[in-house]
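These are the residues of each chain, in order.
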Amino acid sequence: MKMAANEKVIEFKGVTKRFKDLTAVNDVSLDIHRGEFIALLGPNGAGKTTLVEMIEGLKQPDAGSIRILGKEWARDEAFLRMRLSGVLQETLFIGKLRVDETVNLFASFYKRPRSRSDEVLELVELTGKRKALVEGLSGGQRQRLALAIAMLNEPEIMILDEPTTGLDPQVRRGTWEILRRLNRETRSTMILTTHYMEEAEFLCDRICIMHQGRILTQGTLDELLHTHEPGEIVEYRVQNEQACVELRQNDNVISYSYDQVSAKARILVHNGSDFLFRLSEFVRDHKIKIDEIVVRKKTLDDLFLSLAGRGFHE
Ligand SMILES: Nc1ncnc2c1ncn2[C@@H]1O[C@H](COP(=O)(O)OP(=O)(O)OP(=O)(O)O)[C@@H](O)[C@H]1O
């Protein structure tokens, strides 16, 4: 069934999920559109997995409604099962099977021809490993195999639950490239949960930050960075932090933090170059030694830190 480009494929209305006294997802309303790549970010226990498990039909809400492709799990399980698939943090495979045998096995469950197995291996750049035993694959290759299997059925919606956790940075980046290309080429709607800010920054059109079961804020990266706090970040290393207290009492300063371990000050300011000028005067006049000075634009990490400061640990 072809649908309009801006069509809502997932609609959460006032969804709540409780485990005894604990409210894991609290009155969440959220629309996700076709082809969108959306990230759910948040600290441990924020409710991200519970939310995606409700999308996957693994958990039922206690209140509110969830419509997926206009259907509901309770009534249209067979329809939805064919159109959704997921990649988890880790997938169990049979180690003694070869890569192509593994994909063919899953293809037979979905009644897909062998040519589709070849296609998905190509999509995730595993063609060269077709004859390798699964037990000999690296972590990144195993994740790509899981992705290939998830793609077999040409899913309209894909759930990626921390798909790159535990992978080294280079392999993680390679996986991002593949995910981004898949999203563009297949127009599959992708929902990613992650702890990596840069993963959400790199991949996603929209980012939802969750905390204690609620969506604290959401938007494109630009919207999040500009709506929540204007300004730039100045960072520097200083051992004698107490001598710099006066610097904070400046109209230019929005917020200040100091990390004892790295001896780094991190200051959010309205204007980075004005602050740098003031900083250089100050350290010269007070004979304070600072180094590793950086002025930079804000990142999602900074937003997360400031939301954490204001709300996460209240
Ligand atoms: N089956 C369950 N029974 C009881 N409590 C649960 C269950 N599943 C999740 N919870 C609780 O619900 C809350 C939300 O958990 P959830 O796994 O959705 O968070 P998360 O944001 O995915 O966290 P993480 O980043 O650590 O994976 C947590 O407090 C968790 O302990």
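Located above this text is the structure these notes cover.
Structural notes, computed from the coordinates. Predicted model, so just to flag it, every value in this text is computed and none were measured.

On to the side chain of Arg-266. With respect to the element layout, Arg-266 can be found in strand 12 (residues 264–269). With a relative accessible area of 14%, Arg-266 lands in the buried category. Aside from chain neighbours lying at most four places away, what touches Arg-266 is Ile-233, Val-234, Glu-235, Ser-255, Tyr-256, Ser-257, Arg-296, Asp-302 and Leu-305.

In the neighbourhood of the ligand, 13 residues make up the surrounding shell, with Asn-44, Gly-45, Lys-48, Thr-49 and Thr-50 lying closest. In this structure, Gly-45 approaches the ligand through a main-chain N or O atom, which is 2.8 Å from an oxygen atom. Within the complex, 62% of the 630 Å² of free accessible area of the ligand lies under protein. Broken down by secondary-structure element, the contributors of at least two residues to the shell around the ligand are strand 2 (22–33) and helix 1 (48–55). Considering every element that reaches the shell around the ligand, the biggest residue donor is helix 1, with three residues. Classifying every residue of the shell around the ligand by side-chain character gives five nonpolar, six polar and two charged.

The subject of this paragraph is a nonpolar patch on the surface. A cluster of nonpolar side chains, namely Ile-94, Leu-105 and Phe-109, defines an oily patch on the protein surface of about 300 Å² accessible area. Here Leu-105 shows up in helix 3 (residues 99–109). A residue is classified by how much of its surface remains accessible, and Leu-105, at 33% relative accessible area, is partly exposed.

Below, the discussion takes up the sheet that holds strand 3 (residues 37–41). Here six strands make up an open sheet; going across it, the order is 5-6-7-3-8-9 and the pairing mixed. With partners counted over all chains shown, the strands left at the sheet margins are strand 5 (84–87) and strand 9 (214–219), one partner each. Along the sheet, successive strands turn relative to each other by an average axial angle of 20°, direction set aside. Where strand 3 meets strand 8 (residues 206–211), four bridges bridge the pair, whose relative direction is parallel. Across the sheet, Leu-41 pairs through a bridge with Ile-209, a residue of strand 8. Contacts from helix 1 reach strand 3, strand 5, strand 6 (157–161), strand 7 (189–194) and strand 8, with the element oriented near 155° to strand 7.

This part covers helix 3. Of all the positions in helix 3, only Val-99, Asp-100, Thr-102, Val-103, Asn-104 and Ala-107 are classed as buried. A positive phi of about 60° marks Lys-111, the residue just after helix 3.

Glancing now at the packing of helix 5 (residues 139–151) against helix 6 (residues 169–186). Helix 6 packs onto helix 5 with a crossing angle of 15° between their chain directions and a minimal axis gap of 10 Å. As far as their axial angle goes, helix 6 and helix 5 are roughly parallel. You can see that helix 5 and helix 6 cross each other, and the crossing is right-handed. Between helix 5, through Gly-140, Arg-144, Leu-147 and Met-151, and helix 6, the contact on the second element is made entirely by Val-171, Ile-178, Leu-179, Leu-182 and Thr-186. Taken together, the residues of the contact of helix 5 with helix 6 break down into six nonpolar, two polar and one charged.

Let us look at the nonpolar core. The biggest cluster of nonpolar side chains holds 45 residues, and the ones touching the most others in it are Leu-145, Leu-147, Leu-160, Ile-207 and Leu-300. For this core, the element with the most residues is helix 5, which contributes seven residues. Ignoring anything within four residues of it in the chain, the contact list for Leu-147 reads Val-87, Val-124, Met-158, Leu-160, Ile-178, Leu-179 and Leu-182. Core analysis: the next-biggest nonpolar cluster, separate from the first, contains 26 residues, Leu-40, Ile-66, Cys-208 and Met-210 among them.

Cut-offs and rules
- Residues numbered from 1 in each chain as written.
- Predicted model: local features only at pLDDT ≥ 70, side-chain atom pairs only at ≥ 80, totals over all residues.
- Heavy atoms only, no water.
- Helix = DSSP H or I, 4+ residues; strand = E, 2+ residues; numbered from the N terminus.
- Buried < 20%, exposed > 50% of the residue type's maximum accessible area, 1.4 Å probe, protein only.
- Contact = heavy atoms within 4.5 Å.
- Near = heavy atom within 4 Å.
- Polar contact = N/O pair within 3.5 Å; in protein donor to acceptor, adjacent residues only side chain to side chain.
- Areas by Shrake-Rupley, 256 points an atom, 1.4 Å probe, with all protein chains shown as cover.
- Nonpolar A, V, L, I, M, F, W, Y, C, P; charged D, E, K, R; others polar.
- Patch = residues over 30% accessible without salt bridge, like charges linked within 9 Å, V, L, I, M, F, W, Y side chains within 5 Å.
- Salt bridge = Lys/Arg side-chain N within 4 Å of Asp/Glu carboxyl O.
- Pairing = 2+ DSSP bridges.
- Axes fitted to C-alpha atoms, helices over the stretch in contact; angles between N-to-C directions.
- Parallel < 35°, antiparallel > 145°, perpendicular 65-115°, else oblique.
- Left-handed = near helix turned anticlockwise from the far one by under 90°.
- Core = buried A, V, L, I, M, F, W, Y, C linked by side-chain atoms within 4.5 Å.

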